[in-house]
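Summary of the model geometry
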Amino acid sequence: MCRSIKVLRQGSTPATDEEIEAAALQFVRKVSGFRSPSRANTEVFDTAVDEVADSTRRLLASLRIGARA
């Protein structure tokens, strides 16, 4: 796990868009191995960050905290 990605589920305090975007960026950087992509890879890199951020938002919105499975 990337150490700079923090837990975004904080109970009653929802994660901000900035926190979600930062976590998505760190995840894509870690997976791709690029801190900053080349011009040839910028579009796919940015798309991946957006997709991870969107998935994270859906996940956080769907979690049932304290609910029994």
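Scroll up a little and you will see the structure.
About the thresholds
- Residues numbered from 1 in each chain as written.
- Predicted model: local features only at pLDDT ≥ 70, side-chain atom pairs only at ≥ 80, totals over all residues.
- Heavy atoms only, no water.
- Helix = DSSP H or I, 4+ residues; strand = E, 2+ residues; numbered from the N terminus.
- Buried < 20%, exposed > 50% of the residue type's maximum accessible area, 1.4 Å probe, protein only.
- Contact = heavy atoms within 4.5 Å.
- Areas by Shrake-Rupley, 256 points an atom, 1.4 Å probe, with all protein chains shown as cover.
- Salt bridge = Lys/Arg side-chain N within 4 Å of Asp/Glu carboxyl O.
- Core = buried A, V, L, I, M, F, W, Y, C linked by side-chain atoms within 4.5 Å.

Now for the overall build of the protein. A tally of regular secondary structure across the protein gives two helices and zero strands. Every one of the 69 residues in the protein was classed for burial, and the buried ones make up 20%. Put simply, 53% of the contacts in the protein that link residues at least 6 apart link residues at least 24 apart. Carbon together with sulfur atoms contributes 53% to the accessible area of the protein, which is approximately 5,600 Å² in total.

Time to look at the pattern of salt bridges. If you walk through the whole model with that rule in mind, you get three salt bridges. Between Arg57 and Glu21 there is a salt bridge, with the nearest N and O atoms lying 2.9 Å from each other. Of this pair, Arg57 sits in helix α2 (residues 42-62) while Glu21 sits in helix α1 (residues 17-32), and the two are 36 residues apart along the sequence. For Arg57, a relative accessible area of 26% gives the class partly exposed. The partner of Asp54 in a salt bridge is Arg57, and the shortest N-O contact between them spans 3.2 Å. Of the two residues, Asp54 and Arg57 are both situated in helix α2; the distance of three residues between them amounts to about one turn of the helix.

By size, the foremost hydrophobic cluster in this structure holds nine residues: Leu8, Ala15, Ile20, Ala23, Ala24, Val28, Phe45, Val49 and Ala53. Looking at this core, the elements that each hand over two or more residues are α1 and α2. Tallying contributions element by element places α1 first for this core, with four residues. Discounting residues that sit within four places of it in the chain, Leu8 has contacts with Ala15, Glu19, Ile20, Ala23, Thr56 and Leu60.

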